[in-house]
Amino acid sequence: MSELTTAARPYARAAFDFASAKGVTEQWAEMLEFCAAVAEDATMKAALDQPSLNRQRSAELFNEICADKLDEHGKNFIKALADNDRISLLPDIAVLYHHYQTEAEGTVDAQLISAMEISEQQIEAISASLAKRLGKKVAMTTSIDETLIGGAIIRAGDMVIDGSVRGRLENMSTMLTK
């Protein structure tokens, strides 16, 4: 676990708890995702790293750029991050917030990486099977990776199911070299 993730955790938890209490978790998720993208922007990073820029001005600059996407509570959150020199944590905060949100909803994000296109029926069947196995709703995203040769890889949280031909060949190669 990275040091940045550890530092971001209390901010993400506070943001999620606040948004949950107010019933605005989705709005905060969108706001944090946008702010994370702004914080990762090279131009913004350079602007915030200026030695002449104090913490108050950092918050004002960030809030000016994100004004359309932030409500008053969001602006106060950015100000609190700036006061503690933590604006750079926004990408980690957004990831952790998303984790808390999906956990509270009883959902798991899953990624299906296949060697070729998979039909909607197959995706639904895989999602249903995974939901049954994990006991949670599954939010499935798909992508194609032709280097897999055939089959698919499923990632859901910490679980990885490698049913790819490439993975099987690598396993066989490892077994044969032992």
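Let me begin by describing the structure that accompanies this report. It should be emphasised that the depicted structure is a prediction, and the values quoted were computed from it without experimental measurement. (Residues numbered from 1 in each chain as written. Predicted model: local features only at pLDDT ≥ 70, side-chain atom pairs only at ≥ 80, totals over all residues. Heavy atoms only, no water.)

**Thoughts on the pairing of strand S1 (residues 107-114)**
Summarising burial for S1: six of the eight residues are buried, a large majority. Of the strand pairs in this sheet, S1 and strand S2 (residues 137-144) are connected by eight bridges, and their pairing is parallel. Within S2, the position partnered with Thr107 by the bridge is Lys137. Note on the crossover from S1 through helix H7 (residues 120-134) to S2: the handedness is right-handed. When S1 meets strand S3 (residues 152-156), the two strands line up antiparallel, connected through five bridges. Considered in S3, the bridge of Ile113 is made with Ile153. (Buried < 20%, exposed > 50% of the residue type's maximum accessible area, 1.4 Å probe, protein only. Helix = DSSP H or I, 4+ residues; strand = E, 2+ residues; numbered from the N terminus. Pairing = 2+ DSSP bridges. Right-handed = clockwise from strand over helix to strand, strands pointing away.)

**Structural notes on unusual backbone geometry**
For Asp85, which is not glycine, the phi dihedral falls at a positive 55°. Residue placement: Asp85 occurs in the loop between helix H5 (72-83) and helix H6 (90-105). When its relative accessible area of 51% is taken as the criterion, Asp85 is described as exposed. Phi is positive for Ile149, which is not a glycine, with a value near 70°. Position of Ile149 among the secondary structure elements: in the loop between S2 and S3.

**As for the layout of surface pockets**
Volume-wise, the largest pocket comes out at about 430 Å³. Considering the residues around the largest pocket, the lining is formed by 15 residues, among which His99, Thr102, Val108, Asp109 and Gly157 are closest to the centre. Looking at the lining of the largest pocket, the elements that each hand over two or more residues are H6 and S1. Class assignment for the residues of the lining of the largest pocket results in four nonpolar, seven polar and four charged. (1 Å grid on protein atoms, 1.4 Å probe; cavity = no way out; pocket = protein on both sides within 12 Å on 5 of 7 lines; lining within 4 Å. Points joined across faces, edges and corners; volume = space filled by probe spheres on them. Nonpolar A, V, L, I, M, F, W, Y, C, P; charged D, E, K, R; others polar.)

**Brief notes about the packing of aromatic side chains**
Counted by the stated rule, this structure contains four aromatic pairs. Between Phe18 and Trp28, the aromatic rings sit 5.6 Å apart at their centres with planes inclined by 65°, giving edge-to-face as the arrangement. Here Phe18, found in helix H1 (residues 3-22), pairs with Trp28, found in helix H2 (residues 25-40); they are ten residues apart in sequence, far enough to count as distant. Take Trp28: its relative accessible area is 3%, and that puts it in the buried class. When the ring of Trp28 is compared with that of Phe77, the centres are 5.6 Å apart and the planes differ by 75°; the resulting orientation is edge-to-face. With Trp28 in helix H2 and Phe77 in helix H5, this pair connects stretches of sequence that are 49 residues apart. Since its relative accessible area comes to 11%, Phe77 is described here as buried. Here the aromatic cluster, defined as three or more aromatic residues joined through ring pairs, consists of Phe16, Tyr97 and Tyr100. The cationic tip of Arg13 hangs over the ring face of Tyr100; the distance from NZ or CZ to the ring centre is 3.9 Å. (Phe/Tyr/Trp six-rings, centres within 6.5 Å; stacked < 30°, edge-to-face > 60°. Lys NZ or Arg CZ within 6 Å of the ring centre and 35° of its normal.)

**Observations concerning the sheet that holds strand S4 (residues 159-162)**
Read across the sheet, four strands follow the order S2-S1-S3-S4 without closing on themselves; strand pairing throughout is mixed. Single-partner strands in this sheet number two, and they are S2 and S4. Recorded for the sheet is a direction-independent mean angle of 15° between the axes of neighbouring strands. The strands that H7 touches are S1, S2, S3 and S4; relative to S2, the one it contacts most, it runs at about 135°. (Axes fitted to C-alpha atoms, helices over the stretch in contact; angles between N-to-C directions. Contact = heavy atoms within 4.5 Å.)

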